[in-house]
Amino acid sequence: METKTYVSEYIKSDFFRINGKLGIRRLLLASLFNRGFIYMMWFRALQSRWLIIRVVARIMVAINSRRFQIQISKEAQIGYGFFINHGMCVVIAGSAKIGNNVTISQFVTIGSMHDNAAEIGNNVYIGPSVCIVENVRIGDNVTIGAGAVVTKDIPDNVTVAGCPAKVVSTKSPGRLVYNKWPMDNP
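Before going into details, it helps to say that this report is about the structure given with it. Quick caveat, the model's predicted, so the values are computed rather than measured. (Residues numbered from 1 in each chain as written. Predicted model: local features only at pLDDT ≥ 70, side-chain atom pairs only at ≥ 80, totals over all residues. Heavy atoms only, no water.)

## Details of the environment of Val-149
Selection rule: Under the DSSP-based scheme used, a helix requires at least four consecutive residues in state H or I and a strand at least two consecutive residues in state E, with every element numbered from the N terminus. Only protein chains enter the accessibility calculation, which uses a 1.4 Å probe; a residue is then buried when its area is under 20% of its type maximum, exposed when over 50%, and partly exposed in between. Any two residues having at least one pair of non-hydrogen atoms within 4.5 Å are treated as being in contact.
Summarising the element assignment, Val-149 is placed in strand β13 (residues 149–150). Of the residues examined, Val-149 reaches a relative accessible area of 22% and is grouped as partly exposed. As a C-alpha pair, Val-149 and Pro-164 span 15 residues in sequence and 5.0 Å in three-dimensional space. Those residues within four positions of Val-149 in sequence are excluded, and the remaining contacts are Cys-131, Val-133, Gly-162, Cys-163, Pro-164 and Ala-165.

This is the structure we're talking about:
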């Protein structure tokens, strides 16, 4: 996370991915009912420059981690517009690097046994029950199909599926990434 960017910009970008619009009423509803957003809002607050906010955020992340079965290491580098679809059962290792406008579905693991997790590009959709193992690079505008096990690098602009994941299409990759946060906005 960039040090000069305020936590509120990350929260705003994550919220925008849910609705495609910004508004206080919608923000309040999302912060009450959208599990993925609730978790990410507090996760982003861990990076606040205010001590009291960091302390409250640490408590809320711990509570919501148990509640929603989401475990994202605070060391993970996550870009703008991160969206956890269905808000449950997600594990992300601390050495993971995730770009902008990434959507993650339920039961996804981005892990590493040797502190060398994946590097994920921009505009990536990761389907349900995907496992991304160790030191792989996933390019920009990629769609990873449900149940895929990614063990090798994935180039830009492709759709992959299977176990192990293989390129199955080059038509409309990244098409499932909705409400993209504009890259020039942050």
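That was the structure; now back to the text.
## Thoughts on the side chain of Asn-64
Note on placement: Asn-64 falls in helix α4 (residues 51–68). Residue classification places Asn-64 among the buried positions, given a relative accessible area of 1%. If we ignore the near neighbours within four places in the chain, the residues touching Asn-64 are Ile-38, Tyr-39, Trp-42 and Gln-69.

## Thoughts on the pairing of strand β15 (residues 166–169)
Put simply, the test is: Pairing between two strands is assigned when DSSP locates at least 2 bridges connecting them.
In terms of strand pairing, strand β14 (residues 159–161) meets β15 through three bridges, oriented antiparallel. Each residue of the ladder has a partner; that of Thr-159, found in β15, is Ser-169. The loop that links β14 with its antiparallel partner β15 comprises four residues; one of these, Gly-162, has a positive phi angle of about 105 degrees.

## Here we look at unusual backbone geometry
Cys-163 connects to Pro-164 through a cis peptide bond whose omega is 0 degrees. Checked against the element boundaries, Pro-164 lands in the loop between β14 and β15. Despite not being glycine, His-86 shows a phi value in the positive range, around 70 degrees.

## Regarding the packing of aromatic side chains
What counts is decided by this rule: When two rings of Phe, Tyr or Trp (its six-membered ring) have centres within 6.5 Å they constitute a pair, described as stacked for plane angles under 30 degrees, edge-to-face for angles over 60, and tilted for the intermediate range.
Under the defined criterion, the tally for this structure stands at four aromatic pairs. For the ring pair Tyr-39 and Phe-43, a centre distance of 6.4 Å and an interplane angle of 20 degrees mean the geometry is stacked. Note that Tyr-39 and Phe-43 are positioned in helix α3 (residues 35–45) at a spacing of four residues, about one turn of the helix. Here Tyr-39 and Phe-43 have matching classes, each one buried.

## Focus on the packing of α3 against α4
For the record, the criterion: The axes are straight lines fitted to the C-alpha atoms, using for helices just the contacting stretch, and the angles between their N-to-C directions are given from 0 to 180°. Orientation labels follow simple angle bins: below 35 degrees gives roughly parallel, above 145 gives roughly antiparallel, 65 to 115 gives roughly perpendicular, and whatever is left gives oblique. We call a crossing left-handed when the near helix sits turned anticlockwise from the far one by less than a right angle, and right-handed when that turn is clockwise. Amino acids are sorted into nonpolar (Ala, Val, Leu, Ile, Met, Phe, Trp, Tyr, Cys and Pro), charged (Asp, Glu, Lys and Arg) and polar (every other residue, Gly among them).
It is the contact of α3 with α4, at a shortest axis distance of 8 Å, that shows an interaxial angle of 150 degrees. Relative to α4, the element α3 lies roughly antiparallel. The handedness of the crossing between α3 and α4 comes out as left-handed. Residues Arg-35, Ile-38, Tyr-39, Trp-42, Phe-43 and Ala-45 of α3 touch α4, and the partners they reach there are Ile-53, Arg-54, Val-56, Ala-57, Met-60, Val-61, Asn-64, Ser-65 and Phe-68. Grouping the amino acids of the contact of α3 with α4 by side-chain chemistry returns eleven nonpolar, two polar and two charged.

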